[in-house]
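# Residue-level structural notes
Okay, here's what each chain looks like letter by letter:
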Amino acid sequence: MALPPLDKDGFLRDSGDWDRDVAAALAVEEGIALGDAHWEVLELLRRYYATFDSSPAMRALVKYCRQELGPDKGTSLYLLKLFPGSPAKVSARLAGLPRPANCL
Amino acid sequence: MKATLLLMNRAPYAGTLARAGLDAALAYAAFDQSVSVLFAGPGVLQLAPAQEPAAIGRKSLRRLIDSMPLYDLEAVYADSEALDRHGLAEDDLPAFVTVLDPAAQRELQDRHEHLLAF
C-alpha cells in the first residue's frame, strides 16, 4: 500500500492518517509481524495520545502499560520483546504517533 | 543527588519556552533526576483546564502536564497568588499539584540547589 506522508524520521505527519493497514505496512519496514499482543500496545498508545496529547518516553509507557494492562505487561522486558531496539520509539511509530521527545 | 527546581513562568502559547520547560521537566524525570516544578506568574495558565490549542497547531500543555505522574513526577507546585490573579481555583488543577503561598515557595526554593527558569 502507499503510506501516508511521513516526516524525516519516518513517523506519520498526521496521526489522523493512521489505521491498521498503515500500522501493518510500517511494521513490515521494522521487521515485526504484528500479533494480538502488539495490537494491544498500539491501541494503548492511541489512547495515550488522545489523553495526553504527546508520545510517552519509555518510563511513562511502561507505567501506563502497568496501569492499563497489568503488572505482567508493564515491564521494559515485555515491551522490548514486542518492539525490539527502542520500544518507545518503534511502538509510537507503528501507532502513528509523533516521535517521542527525550528518546535516545 | 542535586535537586533541581524548574520555574515555569510563561503563558502556555505565547512562545515555545513553556513547552520547552515541560519537556525539560519530563526529561529530568525520565532519567530519574530529582526535580520539582513550580508554576508561577502567567505560567499558572499552563494548568488551566480545557485548553484547545489545536486551532493554532499546538499541543495541549495541560494534557502534557496530566502525564507527569506517569513519569513519577509529582513534586509539582503552583503559586497561590498567581492562581488568584488569573482566576484559577484549586479544583481546576490536576490533583497532584500542590498550591503554595509565597512563604512556602521560599522554603521550596531553599530546598533546591539549582533553579532553572522558563
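Nothing here was measured: the structure is a model prediction, and the numbers come from that model.

All names here are of chain A. Taken as a whole and assessed by the stated rule, the structure comprises three aromatic pairs over all chains. Between Phe-52 and Tyr-64 the ring centres are 6.1 Å apart and the planes differ by 75 degrees, which places this aromatic pair in the edge-to-face class. Of the two residues, Phe-52 is situated in helix H2 (residues 36-52) and Tyr-64 in helix H3 (residues 58-69); the sequence distance between them amounts to twelve residues. According to the relative accessible area criterion, Tyr-64 is buried, its value standing at 7%. Grouped by ring-pair contacts, the aromatic residues Tyr-48, Phe-52 and Tyr-64 constitute a single cluster.

Another aspect to go through is the sheet that holds strand S2 (residues 35-39) of chain B. All names here are of chain B. One open sheet holds the five strands; their spatial order is S4-S3-S2-S1-S5, and the pairing between them is parallel. Sheet topology places strand S4 (97-100) and strand S5 (114-117) at the edges, where each strand pairs with a single neighbour. For this sheet, the mean angle separating the axes of adjacent strands, direction not counted, is 25 degrees. The pairing of strand S1 (residues 4-8) with S5 spans four bridges and is parallel. What sits directly across from Leu-6, in S5, is Leu-116. Along the sheet, helix H1 (residues 17-30) contacts S1, S2 and S5; its crossing angle with S1, the most-contacted strand, is approximately 160 degrees.

Turning our attention to the layout of surface pockets. Volume-wise, the largest pocket comes out at about 250 Å³. Lining the largest pocket are 14 residues; nearest its centre among them are Ser54(A), Ser55(A), Arg99(A), Ala101(A) and Arg19(B). A total of three residues in the lining of the largest pocket trace back to one element, the largest contributor, which is H1(B).

Taken together, the contacts link 17 residues of chain B with 17 residues of chain A. A per-residue breakdown of the area chain B buries against chain A is headed by Arg63(B), Leu70(B) and Tyr71(B), which together make up 43% of the total. Summed over the shared surface of chain B and chain A, the result is four salt bridges. Its salt-bridge partner being Arg59(A), residue Asp72(B) comes within 2.9 Å of it at the nearest N-O pair. Run the count over chain B and chain A and you get ten residue pairs in polar contact (both at pLDDT 80 or more). The set of elements that each furnish at least two residues to the side of chain B that touches chain A consists of H1 and helix H2 (61-66) of chain B. Examining the composition of the side of chain B that touches chain A, we find that five residues originate from one element, H1(B), more than from any other.

Basis of the calculations
Residues numbered from 1 in each chain as written. Chains lettered and ligands numbered in written order. Predicted model: local features only at pLDDT ≥ 70, side-chain atom pairs only at ≥ 80, totals over all residues. Heavy atoms only, no water. Phe/Tyr/Trp six-rings, centres within 6.5 Å; stacked < 30°, edge-to-face > 60°. Helix = DSSP H or I, 4+ residues; strand = E, 2+ residues; numbered from the N terminus. Buried < 20%, exposed > 50% of the residue type's maximum accessible area, 1.4 Å probe, protein only. Pairing = 2+ DSSP bridges. Axes fitted to C-alpha atoms, helices over the stretch in contact; angles between N-to-C directions. Contact = heavy atoms within 4.5 Å. 1 Å grid on protein atoms, 1.4 Å probe; cavity = no way out; pocket = protein on both sides within 12 Å on 5 of 7 lines; lining within 4 Å. Points joined across faces, edges and corners; volume = space filled by probe spheres on them. Buried area = accessible area lost by both parts, 1.4 Å probe. Salt bridge = Lys/Arg side-chain N within 4 Å of Asp/Glu carboxyl O. Polar contact = N/O pair within 3.5 Å; in protein donor to acceptor, adjacent residues only side chain to side chain.

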